[in-house]
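# Structural features, examined
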Amino acid sequence: MTPQATMTAAPPNGVPPPPGLPDDESPRARFRPSREAEARILLLIDAFSRKNKTQERYLEGRIKLAKLDFLLRYPRHLRQVLLAHGASPEQIAGIDPDEAPLDARMMRYRYGPWDPSYYAVLGSLIGRGLVDVKPLDKGFGYRTSVAGAGLAAAIRADDSFDPINQRLTLLRRYLDRSGNVLKNYLYEIPEIVDAAWHEDLT
């Protein structure tokens, strides 16, 4: 099962791009949820919100979500951070440092990497009952609903998602930290520290 078969996306407010401007070059395009982004974020939330034996888990806040998604999307930087924080070279051998970033590039923003489409992606997943939201002490927590967990399991079963599943396993094992801690980890990366606000990250 592919994300194209399970996810749908529409322009915000149903507004098309200006006449004569290709859809993927419209200024609005960066704010739209893609099927690929919805599938990836659903898998990310599911990986960090599965119940343990004693309590429900939530992925705590958009800052943490954005930092984890940056590492999921940028294999070269994921390798660097994993090596710096506990993983061995053998454990990251399957991550290709030369692989291009997944989906559109993220931008440098106030708290590090950010994607303007997160609001639409989360809104779509929440609106369709795939992700539940809970107010926490600081911000909101996200976890997959029963329907969302089932869809995430079906997506994981698709062999084309094996690289993402491998990265999620390593993220959960070594980088399940607070959003602020992850932000500090990413600020060890020169490409992020040296980037200007709203500049695309490489």
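Treat the numbers as computed from the prediction; the structure is a model and nothing was measured.

Residues I41, F70, L82, L171 and L175 are the most contacted members of the largest nonpolar core, which totals 49 residues. Of all elements in the fold, only α2 (35-47), α3 (61-73), α4 (75-84), α5 (118-127), α6 (146-156), α7 (162-174) and α8 (179-186) reach the threshold of two or more residues within this core. Counting residues per element, this core draws most heavily on α2, which supplies eight residues. Sequence-distant contacts of F70, that is, excluding residues within four places in its chain, are made with H77, M106, P113, L186, I189, I192 and L201.

The three strands lie next to each other as β1-β5-β4, forming an open sheet whose pairing is antiparallel. Looking at the sheet topology across the chains shown, the edges are occupied by β1 (59-60) and β4 (131-135). Looking at chain direction, β1 and strand β5 (residues 140-144) are connected through two bridges and run antiparallel. Residue pairing across strands places E60 opposite G141, the latter belonging to β5.

For α6, every residue scored as buried is listed here: G148, L151, A152 and I155. Across the axial projection of α6, the buried residues extend over an arc of 105 degrees, all falling on one side.

Cut-off values and rules
- Residues numbered from 1 in each chain as written.
- Predicted model: local features only at pLDDT ≥ 70, side-chain atom pairs only at ≥ 80, totals over all residues.
- Heavy atoms only, no water.
- Core = buried A, V, L, I, M, F, W, Y, C linked by side-chain atoms within 4.5 Å.
- Buried < 20%, exposed > 50% of the residue type's maximum accessible area, 1.4 Å probe, protein only.
- Helix = DSSP H or I, 4+ residues; strand = E, 2+ residues; numbered from the N terminus.
- Contact = heavy atoms within 4.5 Å.
- Pairing = 2+ DSSP bridges.
- Arc of directions from axis to C-beta.

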